[in-house]
Amino acid sequence: QVQLVESGGGLVQPGGSLRLSCAASGSILGIKAMSWYRQVPGKQRELVAHITSGGATNYADSVKGRFTISRDNAQNTVYLQMNSLKPEDTAVYYCKLWSFMGDYWGQGTQVTVSS
């Protein structure tokens with residue numbers, strides 16, 4: 001079975017930076033893509049960034065220019081570099097793996113942007 005382990009969340013001041021990572025392990029037939037989502041209480045889970053196995057990326061308009069998604073194919077790890085953080089970026093961030101055998105979610109990591 002597939003497991004996704006996220007790390008890098010925490011408390012940061014506005015304007016600061018964080019780097020999230022998500023490492024996949026287990027029996028994975030093939031990774032189509034990996035994504036980062038975020039969710040706050042009372043709101044729908046929002047797609048933040050997406051990267052395909054070929055390296056194509058897309059971002060939510062709210063984070064474009066501030067966040068960068070990248071992937072280490074050899075390690076089955078995806079990263080989210082978050083710069084110029086704003087209080088409205090506060091959320092639980094989730095990693096998602098899209099594979100040929102199914103889709104999998106990480107447990108989530110809390111990001112809090114506050115002074």
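Quick summary incoming for the structure in this document. All chains use their own residue numbering, which begins from 1 and follows the written sequence. Two thresholds apply to this predicted model, a pLDDT of at least 70 for residue-level local features and 80 or more for giving and counting side-chain atom pairs, whereas whole-chain, interface and lining totals are computed over all residues. Water and hydrogen atoms were dropped before computing side-chain values, which therefore reflect all heavy atoms in the structure.

Describing the state of the cysteines
Cysteine sulfur atoms are paired as a disulfide whenever they come within 2.5 Å of each other. Applying the stated rule across the entire model yields one disulfide. Two residues, Cys22 and Cys95, share a disulfide whose sulfurs are 2.2 Å apart. Residues Cys22 and Cys95 are joined by a disulfide whose S-S torsion is about -80 degrees; by sign, that bridge is left-handed. Highlighted residues: Cys22 in strand β3 (residues 18–25) and Cys95 in strand β9 (residues 91–99), separated in sequence by 73 residues. Exposure class is identical for Cys22 and Cys95. Each is buried. Secondary structure elements are defined from DSSP: runs of H or I of at least 4 residues count as helices, runs of E of at least 2 residues count as strands, and each element is numbered from the N terminus. Only protein chains enter the area calculation, which uses a 1.4 Å probe; residues under 20% of their type maximum are buried, those over 50% are exposed, and those in between are partly exposed.

A word on the nonpolar core
Buried Ala, Val, Leu, Ile, Met, Phe, Trp, Tyr and Cys residues form a nonpolar core when they are joined through side-chain atoms within 4.5 Å. Counting 28 residues, the largest nonpolar core has Trp36, Leu80, Met82 and Tyr93 as the members making the most contacts within it. Tyr93 has contacts with Glu6, Leu20, Trp36, Tyr37, Arg38, Val48, Phe67, Leu80, Met82, Gly108, Thr109 and Val111, leaving out every residue within four places of it along the chain. Should any heavy atoms of two residues lie within 4.5 Å, those residues are counted as being in contact.

Re the sheet that holds strand β8 (residues 77–82)
The strands that make up a sheet pair up through hydrogen bonds in the backbone, lying either parallel or antiparallel. Between any two strands, at least two bridges found by DSSP are needed for them to pair. Reading across the sheet, the four strands line up as β1-β3-β8-β7 and stay open at both edges, with antiparallel pairing between neighbours. With partners counted over all chains shown, the strands left at the sheet margins are β1 (3–7) and β7 (67–72), one partner each. Shown here is a sheet whose adjacent strand axes are inclined to one another by a mean of 15 degrees, direction ignored. In this sheet, β8 lies alongside β7 in antiparallel orientation, the contact comprising six bridges. The residue bridging Asp72 from the neighbouring strand is Thr77, located in β8. Each axis is a line fitted through C-alpha atoms, and for a helix only the stretch in contact is used; angles between axes span 0 to 180 degrees, taken between their N-to-C directions.

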